[in-house]
Amino acid sequence: MSLNVTDLVHNERITLDPEDILDCGDTELKTKYYNAIINAMGSYTTKPVALKKLHSLLLVETETQNAETVGKIFAALSKIYTKATEPVCNRILSGQCIALLLKIAVDIGEIQKEMSGNVSTLLSVIVNSDSVDCWMPVLRQVMTLYPGPCGPFKGQIWKKLCGEIGCGRIKPNDLGHLFALSGQLGGGGREGVEHTRTFSNNFGLVATTLNKALNELFANVEMFERFPSSGDVIMLSGGGGGGLVQQTTKLAQILDLLEIECSLITKSFPQVREIDCELILSQVSRLFTLTPDCVLQNDIPSNKMLALVLPSLQTLASQLLQALILSTEEDLIPEVATINNILIKSMHMVSSSKVMESLFKVLNVYVRTLGASTGLQFCMDRILPVFAKYITPQQEKLLLQSHQQKRKGGGKKKKNKTDESLTATNVTTKKFINVKILRAALEALGGIVENIGCLLSAEDFLGVSSMLVNLAVGSQIQDPSCLISLIQNLGSLSSVQNPSFSSPLRLCLHFLQQATKHANQSVGESARAALLQLTPVMHPPCPSLAISHLQPQDMRNIIAKMLKGQEGQEDFETMSNESEYEQEVVTPVVPSQVQQSKSIAKTTLLEQKDRKFTKTPNTEKSKPKKETRGDSDESIDENAALIQENLKQIENTKRKRQESEKSQEVVEPKKS
């Protein structure tokens, strides 16, 4: 009994998983199913059902079909899409199917010519269409795969895209992607000169239009620094109605323009682009100089709306700064000082949670992209208080307040007395931790530790260590994603070697070991990965096992370095010096060489004198006394100097002994 494929397509109540049909392994069944869908698209009653099932199939299609089947499907879909009297729902579904089919047919060389020839027909329909859901998916796929045939429609496409700015019918990210693709339409000329020129013109128009719109939006705000109004701008459609409607429309246009500017500098482009970094940094800095109090300073009703939407503008401004960092990378090093000023001032001025989250994300990308070139290791004293504010929660505190009450006396001679009563009041309640800000802050702090942790000063490294260790030991985080970020930070902090401060490895191991038994599986895996990363630090390999032979001088250098980096090793120094002298004294002496033994006896006397000289400073230092951190550093330097003097004296005695032996060897042949 054969399966009736036509009933599977025509009956809307029969729903099958598309992957089951594609993975059945029967090529004939798949071909029959596609042919049944093509036939159903020709009927008015079964057309919607067939389009829905075709769309679900194309979404999961992974294998390339034969050219004949793809050509039939494309012809049927084009007939529906280009028909003006077709219902809008059918045209929307056919447009979505065409976009998916264009992507699938890229690897089919036989069908590409046919599709590129139909691009002009599709673009003529797109330009004259009013339904965004109908033309937007097809236009994006055509501009991506066939930019050359789009050259004659370049002006019409640009005009249609500019008309969508501020309308809200297209998502800002999708609109920015379309603007980024518009710069590579048509022929590129020799070495892509035309594409580069088109991009420069488009970017200049968008930036100038954004500056003009910002000047108009903040016209009544005195603290806002105006942009120079010069150059061509994009003609934007103005919103009708009263002042509030116009203000809302202008705000929507500015948000779209900021997103378009981000997409222009981050989306892929076939040629080299020139980006005006100073212009973008000026736009970002002027938006972050504003605060809600500055906007409401003039007490104008329209400014209340600006104060309400200011966080949205600043969030997009931070995303624009992040896009600039990602697109330019090392070329942005000359502007590092300006970026540091923007970030530090904004972190201290901003009070909105979503703006602070975006600033932490920018800081994370900034330090991971440029590393030590950012110079943030010199600004940590101003950044760490901001981290502490959003990472460390406030605890409940009690404040005792006194109240005085007058008490009247019984007699005439008794004076009025006062009773003082103490009442406990809560000054601050336990603060709620914003999980989004905490996650972004931990990721940014992890980027700082991994990239510039070894360059931080002792005070800054102590502050970072105290912040993370206290957060871990206090068990103040319950969110799994934040716990994973904290575990990764502790692993990086324990593996980073800072010469100014000791590693907090011992304080982190207990928390990491407990985290391996966490109920959340992802938290346990991250803890085990952190412990595995710290294995070389906890169990370092012995260098003597890897070296076959060490010279005496190399061993002395190793011992000297070990003694210099440790405190309270004076006893070890005396023992090592005595062992060296004993090895030099116990030397084999031939009985016949009498004068040689005399010279050796002289050297032993010199060594004993040197031993007395080296023991006296050690006995003085062995007395217990309290030293500060500065005194301990001085004692380490003094120990190192004494060791060097002892080594020099040992070398001198050896050299004198060798000279005496040589002289003895010269004298003995003459006597014989």
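For the structure itself, look to the data block above.
Nothing here was measured: the structure is a model prediction, and the numbers come from that model. (Residues numbered from 1 in each chain as written. Predicted model: local features only at pLDDT ≥ 70, side-chain atom pairs only at ≥ 80, totals over all residues. Heavy atoms only, no water.)

### Brief notes about the overall build of the chain
Here comes step 1: In terms of regular secondary structure, the chain is built from 30 helices and two strands.
Here comes step 2: For the chain, with 672 residues in total, the buried portion stands at 43%.
Here comes step 3: Long-range pairs, those at least 24 residues apart, make up 73% of the contacts in the chain with a sequence separation of at least 6.
Here comes step 4: As presented, the chain carries roughly 37,500 Å² of accessible surface, and 53% of it is formed by carbon and sulfur atoms. (Helix = DSSP H or I, 4+ residues; strand = E, 2+ residues; numbered from the N terminus. Buried < 20%, exposed > 50% of the residue type's maximum accessible area, 1.4 Å probe, protein only. Contact = heavy atoms within 4.5 Å. Areas by Shrake-Rupley, 256 points an atom, 1.4 Å probe, with all protein chains shown as cover.)

### Notes on the packing of aromatic side chains
Here comes step 1: Throughout the structure, instances matching the rule amount to eight aromatic pairs.
Here comes step 2: With a centroid separation of 5.3 Å and an interplanar angle of 45°, the aromatic rings of Phe 199 and Phe 269 are classed as tilted. Taken as a pair, Phe 199 in helix α12 (residues 193-217) and Phe 269 in the loop between α13 (243-266) and α14 (277-288) lie far apart in primary sequence, 70 residues in all. When sorted by exposure, Phe 199 lands in the same class as Phe 269, which is buried.
Here comes step 3: Measuring from centroid to centroid gives 6.0 Å for Phe 224 and Phe 227, while their planes differ by 65°, and the two rings are edge-to-face. Exposure class is identical for Phe 224 and Phe 227. Each is buried.
Here comes step 4: It is Lys 160 that lies over the ring of Trp 135; its NZ or CZ is 4.9 Å from the centre.
Here comes step 5: Above the plane of the ring of Phe 199 lies Arg 273, whose end atom (NZ or CZ) is 5.5 Å from the centre. (Phe/Tyr/Trp six-rings, centres within 6.5 Å; stacked < 30°, edge-to-face > 60°. Lys NZ or Arg CZ within 6 Å of the ring centre and 35° of its normal.)

### Overview of the environment of Phe 153
Here comes step 1: Here Phe 153 shows up in the loop between α9 (132-145) and α10 (154-162).
Here comes step 2: Placed 33 residues apart in sequence, Phe 153 and Ser 120 show a C-alpha to C-alpha distance of 8.4 Å.

### Some thoughts on the pattern of salt bridges
Here comes step 1: The final tally for this structure, using the stated rule, is eleven salt bridges.
Here comes step 2: Close ionic contact of Arg 286 with Glu 225 constitutes a salt bridge, the shortest N to O distance being 3.7 Å. Of this pair, Arg 286 sits in helix α14 while Glu 225 is found in the loop between α12 and α13, placing the two residues 61 residues apart along the sequence.
Here comes step 3: A salt bridge links Arg 368 to Glu 450; the shortest N-O distance between them is 3.0 Å. Of the two residues, Arg 368 sits in helix α18 (residues 353-370) while Glu 450 sits in helix α20 (residues 435-452), which places them 82 residues apart along the sequence.
Here comes step 4: Note on Glu 450: relative accessible area 42%, which makes it partly exposed. (Salt bridge = Lys/Arg side-chain N within 4 Å of Asp/Glu carboxyl O.)

### Re the side chain of Thr 46
Here comes step 1: Tracing the chain through its elements places Thr 46 in the loop between α3 (27-40) and α4 (47-60).
Here comes step 2: We classify Thr 46 as buried; its relative accessible area is 14%.
Here comes step 3: Among the polar contacts made by the side chain of Thr 46, one reaches the main-chain carbonyl oxygen of Ala 40 at a distance of 2.8 Å.
Here comes step 4: Among residues more than four places away in sequence, those in contact with Thr 46 are His 10 and Ala 40. (Polar contact = N/O pair within 3.5 Å; in protein donor to acceptor, adjacent residues only side chain to side chain.)

### Quick notes on the packing of α14 against helix α16 (residues 301-328)
Here comes step 1: Contact geometry of α14 with α16 gives a least axis separation of 9 Å together with a crossing angle of 155°. Judged by the inter-axis angle, α14 sits roughly antiparallel to α16. Here α14 and α16 pass one another in a crossing that is left-handed. Contacts between α14 and α16 pair Cys 277, Ile 280, Leu 281, Gln 283, Val 284, Leu 287 and Phe 288 from the former with Leu 313, Gln 314, Ala 317, Ser 318, Leu 320, Leu 321, Leu 324 and Thr 328 from the latter.
Here comes step 2: Its residues assigned to classes, the contact of α14 with α16 shows eleven nonpolar, four polar and no charged. (Axes fitted to C-alpha atoms, helices over the stretch in contact; angles between N-to-C directions. Parallel < 35°, antiparallel > 145°, perpendicular 65-115°, else oblique. Left-handed = near helix turned anticlockwise from the far one by under 90°. Nonpolar A, V, L, I, M, F, W, Y, C, P; charged D, E, K, R; others polar.)

### Some words on the environment of Ser 457
Here comes step 1: Mapping Ser 457 onto the fold places it in the loop between α20 and α21 (458-473).
Here comes step 2: Considered as a pair, Ser 457 and Gln 377 are 80 residues apart in the sequence and their alpha carbons are 7.8 Å apart.

### Topic: helix α6 (residues 88-104)
Here comes step 1: Given a rise of 1.5 Å per residue, 17 residues ought to cover 24 Å, and the 24 Å separating the end C-alpha atoms of α6 matches this to within 8%.
Here comes step 2: Among the 17 residues that make up α6, 13 are buried, leaving the element largely enclosed by the rest of the structure. (Expected span 1.5 Å × (residues − 1).)

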